[in-house]
Every structure is written in C-alpha cells, then in structure tokens.
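Summary of the model geometry
The residues making up each chain are set out below.
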Amino acid sequence: MKYFKFLKKLSNILFIPLLVLLVCLLIFNDTLNSFKYVQLLRYLLVSMGIIVIIGALISNK
C-alpha cells in the first residue's frame, strides 16, 4: 500500500518535468543530437513517462 501511495505522489511530481523535457527534446532536436548524452535523456524521458502512466492508472483505480 505504501508503494502505491509513493507511486501516485511520484507521478504527480514528475508530470511537469516530463512535459518540459519533452518540449525541450522536440524543439532543440538538432542541437541535442550533437550532445554526447542525448540517448540518456531519451531513456530518462521514457522511464518518467512510464512512471506517470502507471501512477495515473493507479489513481484511477
């Protein structure tokens, strides 16, 4: 039960940074492709998205 509560809070906290990161990746796509760790940012975006989706599904349960 603690984990579900933690996951809901974490998904609420990560929602806005997820949107900001997504917009930055879309706008500065050409500039970020020359960046060394752009693949890491993309993996971070996907993992944050998964956490937000799971948290939303749990809160609707």
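Right, let's walk through the structure included here. (Residues numbered from 1 in each chain as written. Predicted model: local features only at pLDDT ≥ 70, side-chain atom pairs only at ≥ 80, totals over all residues. Heavy atoms only, no water.)

1. Here we look at the overall build of the chain
Just so we agree on the cut-off: Secondary structure elements follow DSSP: runs of H or I of four or more residues count as helices, runs of E of two or more count as strands, with numbering from the N terminus. Radius of gyration here uses only the C-alpha atoms, and the compact-globule reference equals 2.2 Å multiplied by the residue count raised to the power 0.38. Three exposure classes are used, based on accessible area relative to the maximum for each residue type with a 1.4 Å probe and protein chains only: buried under 20%, partly exposed in between, and exposed over 50%.
For the chain, the count of helices and strands is 3 helices and 0 strands. Starting at the N terminus, the α and β elements of the chain follow one another as α-α-α. Here the C-alpha radius of gyration of the chain, 14 Å, is well above what a compact globule of 61 residues would show, namely 10 Å. Summarising its shape, the C-alpha atoms of the chain cover approximately 45 × 15 × 15 Å along the three principal directions. For the chain, buried positions account for 23% of its 61 residues.

2. Observations concerning the environment of R42
Basically, it comes down to this: By definition in these notes, contact holds between two residues if any of their heavy atoms fall within 4.5 Å.
Checked against the element boundaries, R42 lands in helix 3 (residues 38-59). C-alpha of R42 to C-alpha of L25: the two residues are 17 residues apart in sequence and 8.2 Å apart in space. Here R42 is in contact with L25, N29 and N33, once residues within four sequence places are set aside.

3. Observations regarding the environment of K2
With respect to the helices, strands and loops of the structure, K2 is situated in helix 1 (residues 2-27). Separated by 11 residues in sequence, K2 and I13 place their C-alpha atoms 17 Å apart.

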